[in-house]
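# Structure assessment
The primary structure of each chain is shown beneath.
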Amino acid sequence: MKNNIPLLEVKNLHAQVDEVEILKGVNLSIFKGEIHAIMGTNGSGKSTLSKIIAGHPSYQLIEGEILFKGKDICLLDPESRSHLGLFLAFQYPVELTGVNNEAFLKAAVTAQRQSKDLPPLNSLEFTSLLLEKLKLVKLDKNFLARNVNEGFSGGEKKRNEIFQFAVLDSELAILDETDSGLDIDALKSISNAINELMAKKAKSIILITHYKRLLEYIKPDFIHVMHNGKIIKTGDASLANTLEEKGYDWLKPNFK
């Protein structure tokens, strides 16, 4: 039986960046175990939506509410939102020179546990956690000694984002164009990892993508089309086929 409280609820969201309004009244509800895909042309507001939910400081909320597990998170900083269970995978993951993956994740996991008044994991527990999640995303343990995203291929960077999501055990992941720049083998590998993480229906995912190919491997429960800062169309997984065949022009009567 579905909990009647959404994991994430966005109500009449208006947001701007550099004093330019990008989001113009977005409404969205996501329940635990659901996968939602957000599609649309460049500049439609997809990435802005992801960043305003995550609390990116360059994006300003003008009006509306963001509720996570029923709690208003609009005034929380990104770190606090992360500790509650939100995760954002960037379209272009940044490199952290001089910081290796193991140290980065150790700091993140420790901070997360402190926010919940839990003791830090000991070395054996932490190593066991990392090895379990490395296996999930098909990464070698030597990966832990490499600096975060430094010299990584596109596939390695995206796989690293999924690895971080798995280690932090976040409840909601927003994956911003995870498929961009990936060859078919990398796309399949990352999709398999995401599907395994979703197998128990204990997490939810927002997939932001331009293309149908990702949705051939990760089947969404809902697809939303954004245009001019609003969601103008919602459908099931079959909507991706229609968009592939017709593009977005057939939705013009919905454009406002």
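An unreviewed UniProt entry lists the protein under the name ABC transporter domain-containing protein, with Dictyopteris divaricata as the source organism.

Take the sheet that holds strand E11 (residues 222–227) next. Pairing within the open sheet is mixed, and its six strands lie in the order E6-E9-E10-E3-E11-E12. Edge positions in the sheet fall to strand E6 (86–89) and strand E12 (230–235), since each has one partner strand and no second. For this sheet, the mean inter-axis angle between neighbouring strands, taken without regard to orientation, is 20 degrees. Here E11 pairs with E12 via five bridges, running antiparallel. Each bridged residue has a counterpart across the sheet, and for His 227 the counterpart in E12 is Lys 230.

The end-to-end C-alpha separation of helix H3 (residues 101–115) is 21 Å, in line with the 21 Å expected for 15 residues at 1.5 Å each. Among the residues of H3, those classed as buried are Asn 101, Leu 105, Val 109, Thr 110, Gln 112 and Arg 113. Taken down its axis, H3 places every buried residue within 160 degrees of arc, on the same side. Asp 117 sits one or two positions beyond H3 and adopts a positive phi of about 60 degrees.

Bringing the nonpolar core into the picture now. Among the nonpolar cores identified, the biggest contains 47 residues, and Ile 162, Phe 163, Leu 175, Ile 194, Ile 205 and Leu 207 are the most heavily contacted of them. Per-element accounting of this core gives the leading share, seven residues, to helix H6 (residues 184–198). Residues Val 17, Ile 53, Phe 68 and Ile 206 belong to the second largest nonpolar core, which totals 27 residues.

Moving on, we come to the side chain of Lys 203. Looking at the element boundaries, Lys 203 is found in the loop between H6 and strand E10 (204–208). Of the residues examined, Lys 203 reaches a relative accessible area of 9% and is grouped as buried. Engagement of the side chain of Lys 203 in a polar contact is seen with the side chain of Asp 169, the distance being 2.5 Å.

In a structure, side chains of opposite charge can pair up when their charged atoms sit close to one another. Counting across every chain of the model gives six salt bridges. With its nearest N and O atoms 2.7 Å apart, the salt bridge here joins Lys 69 to Glu 171. Note that Lys 69 is positioned in the loop between strand E4 (59–68) and strand E5 (71–72) and Glu 171 in the loop between helix H5 (154–168) and strand E9 (172–176), a separation of 102 residues in sequence. A relative accessible area of 40% means that Lys 69 is categorised as partly exposed. Salt-bridge contacts for Lys 203 lead to Asp 169; the nearest nitrogen and oxygen are separated by 2.5 Å. A residue pair is termed long-range when its members are at least 10 positions apart, and Lys 203 in the loop between H6 and E10 and Asp 169 in the loop between H5 and E9 qualify at 34 residues.

What counts and what doesn't
- Residues numbered from 1 in each chain as written.
- Predicted model: local features only at pLDDT ≥ 70, side-chain atom pairs only at ≥ 80, totals over all residues.
- Heavy atoms only, no water.
- Pairing = 2+ DSSP bridges.
- Helix = DSSP H or I, 4+ residues; strand = E, 2+ residues; numbered from the N terminus.
- Axes fitted to C-alpha atoms, helices over the stretch in contact; angles between N-to-C directions.
- Expected span 1.5 Å × (residues − 1).
- Buried < 20%, exposed > 50% of the residue type's maximum accessible area, 1.4 Å probe, protein only.
- Arc of directions from axis to C-beta.
- Core = buried A, V, L, I, M, F, W, Y, C linked by side-chain atoms within 4.5 Å.
- Polar contact = N/O pair within 3.5 Å; in protein donor to acceptor, adjacent residues only side chain to side chain.
- Salt bridge = Lys/Arg side-chain N within 4 Å of Asp/Glu carboxyl O.

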